[in-house]
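Reading the structure
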Amino acid sequence: MKILISNDDGYQAPGIVALYEALKDLADVEVVAPEHNNSAKSNALTLHSPLYVHTASNGFRYVNGTPADCVHIALTGLLGYRPDLVVSGINNGANMGDDTIYSGTVGAAMEGYLFGIPAIAFSQTEKGWAHLDTAAQKAAELVKQLMPSLPDAAQRGEPWLLNVNVPNRPAADVHGFKVARLGRRHAAEQVITQTSPRGETMYWIGSAGPAKDDTEGTDFHATAQGYVSITPLQVDLTDHQRLPYWAPLAALLSQPKGRA
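Residues numbered from 1 in each chain as written. Predicted model: local features only at pLDDT ≥ 70, side-chain atom pairs only at ≥ 80, totals over all residues. Heavy atoms only, no water.

Once that is clear, we can look at the packing of helix 1 (residues 14–23) against helix 5 (residues 132–146). Two numbers describe how helix 1 lies on helix 5: the axes approach to 9 Å, and their chain directions differ by 45 degrees. Relative to helix 5, the element helix 1 lies oblique. Every pair of crossing elements has a handedness; the one defined by helix 1 and helix 5 is right-handed. Only Leu132, Ala136, Ala139, Ala140 and Val143 of helix 5 make contact with helix 1, whose side of the interface consists of Pro14, Gly15, Ala18, Leu19, Ala22 and Leu23. Of the residues belonging to the contact of helix 1 with helix 5, the class tally is 10 nonpolar, 1 polar and no charged. (Axes fitted to C-alpha atoms, helices over the stretch in contact; angles between N-to-C directions. Helix = DSSP H or I, 4+ residues; strand = E, 2+ residues; numbered from the N terminus. Parallel < 35°, antiparallel > 145°, perpendicular 65-115°, else oblique. Left-handed = near helix turned anticlockwise from the far one by under 90°. Contact = heavy atoms within 4.5 Å. Nonpolar A, V, L, I, M, F, W, Y, C, P; charged D, E, K, R; others polar.)

If you walk through the whole model with that rule in mind, you get 3 aromatic pairs. Between the aromatic rings of tyrosine 20 and phenylalanine 60, the centroid separation amounts to 5.2 Å while the plane-to-plane angle is 70 degrees, which identifies the pairing as edge-to-face. Of this pair, tyrosine 20 sits in helix 1 while phenylalanine 60 sits in the loop between strand 3 (53–55) and strand 4 (61–63), and the two are 40 residues apart along the sequence. Taking 4.9 Å as the distance between ring centres and 85 degrees as the angle between the ring planes, the aromatic pair formed by tyrosine 245 and tryptophan 246 counts as edge-to-face. (Phe/Tyr/Trp six-rings, centres within 6.5 Å; stacked < 30°, edge-to-face > 60°.)

So, on to the side chain of threonine 105. Tracing the chain through its elements places threonine 105 in helix 4 (residues 104–114). If near-sequence neighbours (up to four positions away) are discounted, threonine 105 is found in contact with Asp8, Ser88, Gly89, Asn91, Asn95, Ala121, Phe122 and Ser123.

Summarising burial for strand 13 (residues 227–233): 5 of the 7 residues are buried, a large majority. Inspection of the sheet shows strand 7 (residues 161–166) paired to strand 13 by 5 bridges, in the antiparallel sense. From the neighbouring strand, asparagine 163 faces strand 13, where its bridge partner is threonine 231. In this structure, strand 8 (residues 176–179) lies alongside strand 13, joined through 4 bridges in parallel fashion. (Buried < 20%, exposed > 50% of the residue type's maximum accessible area, 1.4 Å probe, protein only. Pairing = 2+ DSSP bridges.)

Attention now goes to helix 5. Taking 1.5 Å per residue, 15 residues should reach 21 Å; helix 5 reaches 21 Å between its end C-alpha atoms and fits that length. If you check which residues of helix 5 are buried, you get Leu132, Thr134, Ala135, Ala136, Lys138, Ala139, Ala140, Leu142, Val143 and Leu146. (Expected span 1.5 Å × (residues − 1).)

Scanning the model with the defined rule gives 6 salt bridges in all. A salt bridge links arginine 156 to aspartate 152; its shortest N-O distance comes to 2.2 Å. With a gap of 4 residues between them, arginine 156 and aspartate 152 both fall in helix 6 (residues 150–156), about one helical turn apart. Of the residues examined, arginine 156 reaches a relative accessible area of 44% and is grouped as partly exposed. (Salt bridge = Lys/Arg side-chain N within 4 Å of Asp/Glu carboxyl O.)

What the second largest pocket holds in volume is close to 450 Å³. Every residue lining the second largest pocket is counted, 18 residues in all, and those nearest its centre are Thr100, Ile101, Leu182, Gln234 and Leu237. At the level of elements, helix 3 (99–102), helix 4 and strand 13 are the ones that each hand at least two residues to the lining of the second largest pocket. Looking at the lining of the second largest pocket residue by residue, the class counts come to 8 nonpolar, 7 polar and 3 charged. (1 Å grid on protein atoms, 1.4 Å probe; cavity = no way out; pocket = protein on both sides within 12 Å on 5 of 7 lines; lining within 4 Å. Points joined across faces, edges and corners; volume = space filled by probe spheres on them.)

With 37 residues, the main nonpolar core has Ile3, Ile5, Leu23, Phe122 and Val164 as its most contacted residues. Put simply, the parts of the chain that give this core at least two residues each are strand 1 (2–6), helix 1, strand 2 (28–34), strand 5 (85–91), strand 6 (119–124), helix 5, strand 7 and strand 13. The element best represented in this core is helix 5, accounting for 8 residues. If near-sequence neighbours (up to four positions away) are discounted, isoleucine 3 is found in contact with Leu23, Ala27, Asp28, Val29, Glu30, Leu85, Val87 and Val143. Counting residues in hydrophobic clusters, the runner-up holds 19 residues, among them Val32, Val71, Leu79 and Ala109. (Core = buried A, V, L, I, M, F, W, Y, C linked by side-chain atoms within 4.5 Å.)

What follows concerns unusual backbone geometry. Following glycine 89, the chain continues into isoleucine 90 via a peptide bond in cis, with omega recorded as -5 degrees. With respect to the helices, strands and loops of the structure, isoleucine 90 is situated in strand 5. Phi is positive for alanine 40, close to 65 degrees, though the residue is something other than glycine. Mapped onto the fold, alanine 40 is located in the loop between strand 2 and strand 3. Positive phi outside glycine occurs at tryptophan 129, with the angle close to 70 degrees. With respect to the helices and strands, the residue tryptophan 129 is situated in the loop between strand 6 and helix 5.

This is the structure we're talking about:
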């Protein structure tokens, strides 16, 4: 069994080291991760500048690109084989609700999913790496449980993509796992402005907004209650319920235009 690990915090982040240590005895594990922090890079690929791969002293390989770059390069030539599972993380902070749209952690896992490989994104709900050992332990438990099903998923051509968030708690205070839907956040905080030494205005993206929908059944609620949340994701962004709503507009626009 072969596992590819990536992340968005960079190859030296404590989270990816902990994840590697937790999984290395379960399978043949390789790490291909960004050289620097690439949080909020989502699924971005680098198309207009060259990418380079280097090997760190611990054997991790790192790329001067995005999380999706790392997985893309790994799967299209760098590894020379097709892994059975792509795992991303452990992220320094939550990827719940609307965070998943922006998340580089989810983006790395999604790149594996787009190549037809089962994938998991792991995150801690709070920044700072508190109780990282718990997150690594829970990640290993989930991966170990899923490993027997990986060959069947590959044979059927039916990959899956899981978004997993682990509360920053001691293992004894984590009550188990819960499948949950994505919650929602309020809009982000106001942009922060500063003046550069040259007198120019600089803009910093504001913090993520607080939870808007954290009701029972959401990832926000599950983790707040001390559970590891598991959210299956899909890539299809089509609003299927609204297709009939927009059909008359398309028909109207398609009518032959009258001659003047």
